[in-house]
Amino acid sequence: MWLPRLPTDRLCRAQPAWRAEPLATVSAQRGGLRIIAVTPAAAVLGIVPGLTLADARALFPGLKVAAAAPAEEAKLVAALADWCGRYSPWTAADGDEGIWIEITGAAHLHGGEAALLADLRRRLGKLGFASRAAIADTPGAAWAAARFHPDAAVIAPPGGTIAALSALPVQALRLAPLLPEALARVGLDTIGALLAVPRAPLAARFGAGVVARIEQFLGTLGESISPRPPAPDWRARLAFAEPLGRSDDILAACARLIKRLCTRLARDQRGARRLELVLYLVDGQTRRAAIGTSRPVREPRHLHQLFREPLLALELGFGVEVMVLAARETEPLAAEPLALPGVRAEGAELAATLGLLLDRLANRLGEANVRRFAAR
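Keep in mind it's a predicted model, so treat the numbers as computed, not measured.

So, how was this worked out
Residues numbered from 1 in each chain as written. Predicted model: local features only at pLDDT ≥ 70, side-chain atom pairs only at ≥ 80, totals over all residues. Heavy atoms only, no water. Pairing = 2+ DSSP bridges. Helix = DSSP H or I, 4+ residues; strand = E, 2+ residues; numbered from the N terminus. Axes fitted to C-alpha atoms, helices over the stretch in contact; angles between N-to-C directions. Contact = heavy atoms within 4.5 Å. Expected span 1.5 Å × (residues − 1). Bend = angle between axes of the 7 residues up to and from the residue. Buried < 20%, exposed > 50% of the residue type's maximum accessible area, 1.4 Å probe, protein only. Polar contact = N/O pair within 3.5 Å; in protein donor to acceptor, adjacent residues only side chain to side chain. Phe/Tyr/Trp six-rings, centres within 6.5 Å; stacked < 30°, edge-to-face > 60°. Lys NZ or Arg CZ within 6 Å of the ring centre and 35° of its normal.

Chemist: Could you give an account of the sheet that holds strand β3 (residues 64–67), naming the residues involved and the relevant values?
Modeler: Taken in spatial order, the three strands line up as β2-β1-β3 in an open sheet, and their pairing is mixed. The sheet terminates laterally at β2 (32–38) and β3, the two strands that pair on one side only. Averaged over all pairs of adjacent strands, the angle between their axes in this sheet comes to 40°, without regard to strand direction. As paired strands, strand β1 (residues 23–29) and β3 are joined by four bridges and run parallel to one another. In the sheet register, Leu23 faces β3, and the bridge partner there is Lys64. In the packing of helix α1 (residues 6–14) onto the sheet, contacts are made with β1, β2 and β3, and the angle to β1 comes to roughly 130°.

Chemist: Talk me through the pairing of strand β10 (residues 286–297); I want residue IDs and the actual numbers.
Modeler: For a regular strand, the rule is simple: side chains alternate between the two faces of the sheet. Pairing of strand β9 (residues 270–281) with β10, which is carried by eight bridges, proceeds in the antiparallel orientation. Counted as the bridge partner of Tyr280 is Thr286 from β10. From the end of β9 to the start of β10, which pair antiparallel, there are four residues, and Gly284 there has a positive phi angle of about 90°.

Chemist: Describe helix α13 (residues 300–312), naming the residues involved and giving the relevant values.
Modeler: Relative to the 18 Å expected for 13 residues at 1.5 Å per residue, α13 spans 18 Å between its end C-alpha atoms, a close match to the ideal helical length. The largest bend in α13 is about 25°, located at Leu306, with the proline Pro310 one to four residues further on. Restricting attention to buried positions, one finds in α13 the residues His302, Leu303, Leu306, Phe307 and Leu311. At the N-terminal end of α13, a side-chain oxygen is found 3.2 Å from the backbone nitrogen of Arg301, two or three residues along, and the residue is Glu299.

Chemist: Run through the sheet that holds β9, naming residues and quoting values.
Modeler: An order of β8-β11-β9-β10 is seen for the four strands of this open sheet, with the pairing classed as antiparallel. The sheet terminates laterally at β8 (234–244) and β10, the two strands that pair on one side only. Across the sheet, the mean angle from the axis of one strand to that of its neighbour is 15°, orientation sign disregarded. Most of the contacts of helix α12 (residues 247–267) go to β8, to which it runs at about 155°, and overall it touches β8, β9 and β11 (320–332).

Chemist: Which residues make up the packing of aromatic side chains, and what values go with them?
Modeler: Using the criterion set out here, one finds two aromatic pairs in the structure. Across from the ring centre of Tyr87, 5.7 Å away, lies the NZ or CZ of Arg86, which sits over that ring.

Chemist: Describe the side chain of Arg174, with residues and values.
Modeler: Mapped onto the fold, Arg174 is located in the loop between α7 (161–165) and α8 (179–185). Leaving out residues up to four positions away in the same chain, Arg174 has contacts with Trp100, Gly140, Trp143, Arg213, Gln216 and Glu223.

Here it is in C-alpha cells:
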C-alpha cells in the first residue's frame, strides 16, 4: 500500500478546510526548497512533487505552504501499519509513505483479495488518506504496481506478475538513483525490456544491484522485511457488522475470542504466558490490552477475568469494529489429567489456586511488585 499524499493528508486531517485549497509541503533539498507533496487542488494547477518552491509559486502565487515533518509522518505510517493489523497479523512500515501487508491465508476472511483491497482503500478514504494498493506474488512486484501502475488498485494474478506488470517503467524496480536514466539511454525503459536482456551483461554494465532488484521482483531472490510486531503463531479475530461501544459487549466478545484461542492452544498442547488484545476503532485508532500469567494457562474463565480490568479502562471512542486476540508468548502445556471420583488432589488444587492469585495480583499491581511468598 502506498500513501502518495500522506504529508498533506496529515495536515488536512487537522485542518479539514485546507483539503480544497492549493497546499504543498516543502523540504530543503539540492540547494533549495522543493515540493514534497500536494493536495489535489494544487496538482490541478500543475504543481507536482519535485518542483522547486519558486517554480510552484510562479504557477500559483497564492500556494499555501507548510514545512514537511518527516518524524511526524513516520509516526503516522507506523500507526497506520498497526491499524492494518485488522487485515493480517503481518504488517510493516515501508519508508515514510508505504506499508507492507502479508495477506497470505487472510484474504478469505474478508471475502477474497478484491474485497480486501476495496475495503482497505475505502476505509483509508474515510479516514482522509489517498491510497494506492496492489496485490502480487512478491513484495517487489506489489511495490511496483502500487506506485507505477495506471490503476490505483491492482491485483496481479498468481504466476502472472510478468504479464501484468512488464509495461511498467524501470523506476518501479526500486533502482538506485541515476540508473533508470542510464538504462533508458540504451532503450531499456520498461521492466519487460529489461527482463529480455541476459543477466550477466546487465550486471557487468550496470552493476549487480540491477540484477538483484529483478530477481526480487520475480521472487527468485528473497528480501528481509520485519513485521511490527512479530506475527504471532496463535491468533483469533472477530469483526462486527455494527461497531461495539458497550463494555459488556466488548467483554462478551473477548470471552468468545479467548475460547477460540484456548481451543487452538489445547490442540497444539500449548499454554499462554502473554496475551494481547487489539481493538480497532471506527476512527482508525487502535487500543490494546495485555495480560501475563505466572505459568502456561489455557483456562478461558481465568484469562477472561484477567482481561476484565484493563478492558474496562479503555476509551472506545465511536466504537470497535474489529477485535484481534494474539498469544505473544506460549509454552508447552500437556493435557491435564482428570481427577478420580472421590479423590482430592489437594497439592495440585493449591498450586492452581495460588497461580490464579499470582496472575491477578501481577496484572493489577505490575509484575515487578509481586516477588515472593512470605509468611504472615
